[in-house]
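# Residue-level structure breakdown
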Amino acid sequence: MRRTLTALATIALAGGLLAPTAGAQNVLDGGRLGGASSQIIPDGSSVPGGELSEVDQKVDLDRYAGKWYQVAALPQPYTLQCAHNTTAEYGVIDDSTISVRNSCGTLVGGPSVIDGTATTRSDASLRVNFPGVPFQNPDGPTNYRVTYLEEDYSLAIVGDPTRSSGFVLSRTPDLSAEEWSKVRSIVENRGFNSCTFLTVPMQGGHGDVLPLCVL
């Protein structure tokens, strides 16, 4: 069963690869766009309810900065070229702005990288923008909300307020069985369907593409 799920997920990922066209490279670069303004909501990715909740604490940007491994996520139209080792690196620019660098390994060629910025909208919500990506409004609504944050800033779960995107971020590429179980519980508690989250193959971490609900 596990092998079958892995094969199906890999086929779905590879079958959806987008070939870059003239003027479209910026759209495809950089793996996860961390809440791009144009997104496809996977059917059944969430349950009915209000907006995705944010953590009841102010996110310390200095502590949040640094490298995160995207160990699982809701598939997005702009991440189809990403096959493994997806990461996000944040750096503090000022009290309300951070730099964003998203990168991932691709099935062909070198890594895919994109740079942008994020500005705070509340204690735990931001607006992420990537220069050159079409259909973005820098003054648009929140598209990155921290809905769970470990006390030591070792694990975070983020998403769009409408749950059209969702990402599990870890300071390390490898999670234990107990940690995966905890992640699944939190994702479901926040109103997501955990079966729509797929693990991201990581060097030194999980090697398969599997629905979170089977872990």
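Residues numbered from 1 in each chain as written. Predicted model: local features only at pLDDT ≥ 70, side-chain atom pairs only at ≥ 80, totals over all residues. Heavy atoms only, no water.

As recorded by an unreviewed UniProt entry, the protein chain carries the name Lipocalin/cytosolic fatty-acid binding domain-containing protein and is attributed to Corynebacterium humireducens NBRC 106098 = DSM 45392.

### A word on the packing of aromatic side chains
Counting across every chain of the model gives four aromatic pairs. Ring geometry for tyrosine 90 and tyrosine 144: centres 6.2 Å apart, planes at 85 degrees, overall edge-to-face. With a gap of 54 residues between them, tyrosine 90 in strand S2 (residues 82-94) and tyrosine 144 in strand S6 (residues 144-149) connect regions that are remote in the sequence. When its relative accessible area of 6% is taken as the criterion, tyrosine 90 is described as buried. Where phenylalanine 192 meets phenylalanine 197, the ring centres are 5.1 Å apart and the plane angle is 85 degrees; that geometry is what we call edge-to-face. For the pair phenylalanine 192 and phenylalanine 197, a shared accessibility class is recorded, and that class is buried. An aromatic cluster is defined as three or more aromatic residues linked by ring pairs; in this entry it consists of Tyr64, Trp68, Tyr90 and Tyr144. (Phe/Tyr/Trp six-rings, centres within 6.5 Å; stacked < 30°, edge-to-face > 60°. Helix = DSSP H or I, 4+ residues; strand = E, 2+ residues; numbered from the N terminus. Buried < 20%, exposed > 50% of the residue type's maximum accessible area, 1.4 Å probe, protein only.)

### Section: the environment of asparagine 193
Structurally, asparagine 193 is set in the loop between helix H4 (177-189) and strand S9 (198-199). Overall, the relative accessible area of 29% leaves asparagine 193 in the partly exposed class. Sequence separation between asparagine 193 and cysteine 213 is 20 residues, and the spatial gap between their C-alpha atoms is 8.3 Å.

### Description of unusual backbone geometry
Most peptide bonds are trans, and most residues other than glycine sit at a negative phi. Phi at tyrosine 153 is positive, roughly 60 degrees, even though this residue is not glycine. Take tyrosine 153: it is sitting in the loop between S6 and strand S7 (155-159). You can call tyrosine 153 buried: its relative accessible area is 4%. Unlike most non-glycine residues, arginine 163 shows phi in positive territory, near 65 degrees. In this fold, arginine 163 is placed in the loop between S7 and strand S8 (166-170).

### Points about the pattern of salt bridges
Applying the stated criterion across every chain yields a total of six salt bridges. A salt bridge links arginine 145 to glutamate 51, with the shortest nitrogen-to-oxygen separation between them at 3.0 Å. Of this pair, arginine 145 sits in strand S6 while glutamate 51 sits in the loop between helix H2 (25-28) and helix H3 (61-64); the two residues are 94 residues apart in sequence, bridging distant segments of the chain. Of the residues examined, glutamate 51 reaches a relative accessible area of 57% and is grouped as exposed. Measuring nitrogen to oxygen at the nearest pair gives 3.8 Å for the salt bridge that ties glutamate 54 to arginine 145. In this pair, glutamate 54 sits in the loop between H2 and H3 while arginine 145 sits in strand S6, placing the two residues 91 residues apart along the sequence. Since its relative accessible area comes to 11%, arginine 145 is described here as buried. (Salt bridge = Lys/Arg side-chain N within 4 Å of Asp/Glu carboxyl O.)

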